[in-house]
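Residue-level structural notes
Residues per chain are reported as follows:
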Amino acid sequence: MSDHTTQPERGPDDRLDVLLRQELHWDAPPELTARLLDLIPGAPALALATMRPRPQPWYSTLVLILTAMTVGLSLAVAWQVAGSLGAELGLVAVIEQLRVAPAIGLQRIYEALPASRQVVAVLAAVQDQLHWLLLAIVLWLALDGAQQRPVASHQAQ
């Protein structure tokens, strides 16, 4: 009896069938559905039920403006609360210490290892050269992409 309840292993054709069913499934656009329902006598009620009403443009604009104002007001209040909380806790001094900490650390390294000045200078020069190389690559790619677009439009014509 257990042989009837267990399913046999599916072959590669069954996997292909499952994949094809997933890929070939599509929903008709609402406009096509409405046009087809117009062809059926007595079906206007169905057509109205399938169409979603769209809000008026002024309503969408109003909602967008009110949402932007709400987000802006929320950010302003959060900024004020964070500022007052930061002033109470002394976060300004902590942030200032964090800002100058790399310079202090670098100065201590210079004092402990005088040769580190040359290493830092070489690394700064390499960083500067890599910056210009990156800028050149970006400009080259932008100009190369701009030159290829007109060629594609001429081939289409």
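In this report, the structure presented in the accompanying data block is examined.

1. A look at the overall build of the protein chain
Counting its regular elements, the protein chain contains 7 helices and 0 strands. The N-to-C order of helical and strand elements in the protein chain reads α-α-α-α-α-α-α. Burial analysis of the protein chain (157 residues in total) assigns 4% to the buried set. Split by element, the accessible area of the protein chain, about 14800 Å² in all, is 67% carbon and sulfur.

2. Things to note about a nonpolar patch on the surface
Side chains of Trp-58, Tyr-59, Leu-62, Val-63, Ile-65, Leu-66 and Met-69 sit close together on the surface and give an oily, nonpolar patch of about 720 Å² of accessible area. Owing to a relative accessible area of 43%, Tyr-59 belongs among the partly exposed residues under this scheme.

3. Regarding helix H5 (residues 57–89)
For H5, which comprises 33 residues, the first-to-last C-alpha distance of 48 Å matches the rise-based estimate of 48 Å (1.5 Å per residue) to within 8%. Gly-90 lies just past H5 and shows a positive phi near 80 degrees.

4. Considering the pattern of salt bridges
What the rule picks out here adds up to 1 salt bridge. Salt-bridge contacts for Glu-96 lead to Arg-99; the nearest nitrogen and oxygen are separated by 2.6 Å. With Glu-96 and Arg-99 both in helix H6 (residues 91–112) and 3 residues apart, the pair spans about one turn of that helix.

Rules used throughout
- Residues numbered from 1 in each chain as written.
- Predicted model: local features only at pLDDT ≥ 70, side-chain atom pairs only at ≥ 80, totals over all residues.
- Heavy atoms only, no water.
- Helix = DSSP H or I, 4+ residues; strand = E, 2+ residues; numbered from the N terminus.
- Buried < 20%, exposed > 50% of the residue type's maximum accessible area, 1.4 Å probe, protein only.
- Areas by Shrake-Rupley, 256 points an atom, 1.4 Å probe, with all protein chains shown as cover.
- Patch = residues over 30% accessible without salt bridge, like charges linked within 9 Å, V, L, I, M, F, W, Y side chains within 5 Å.
- Salt bridge = Lys/Arg side-chain N within 4 Å of Asp/Glu carboxyl O.
- Expected span 1.5 Å × (residues − 1).

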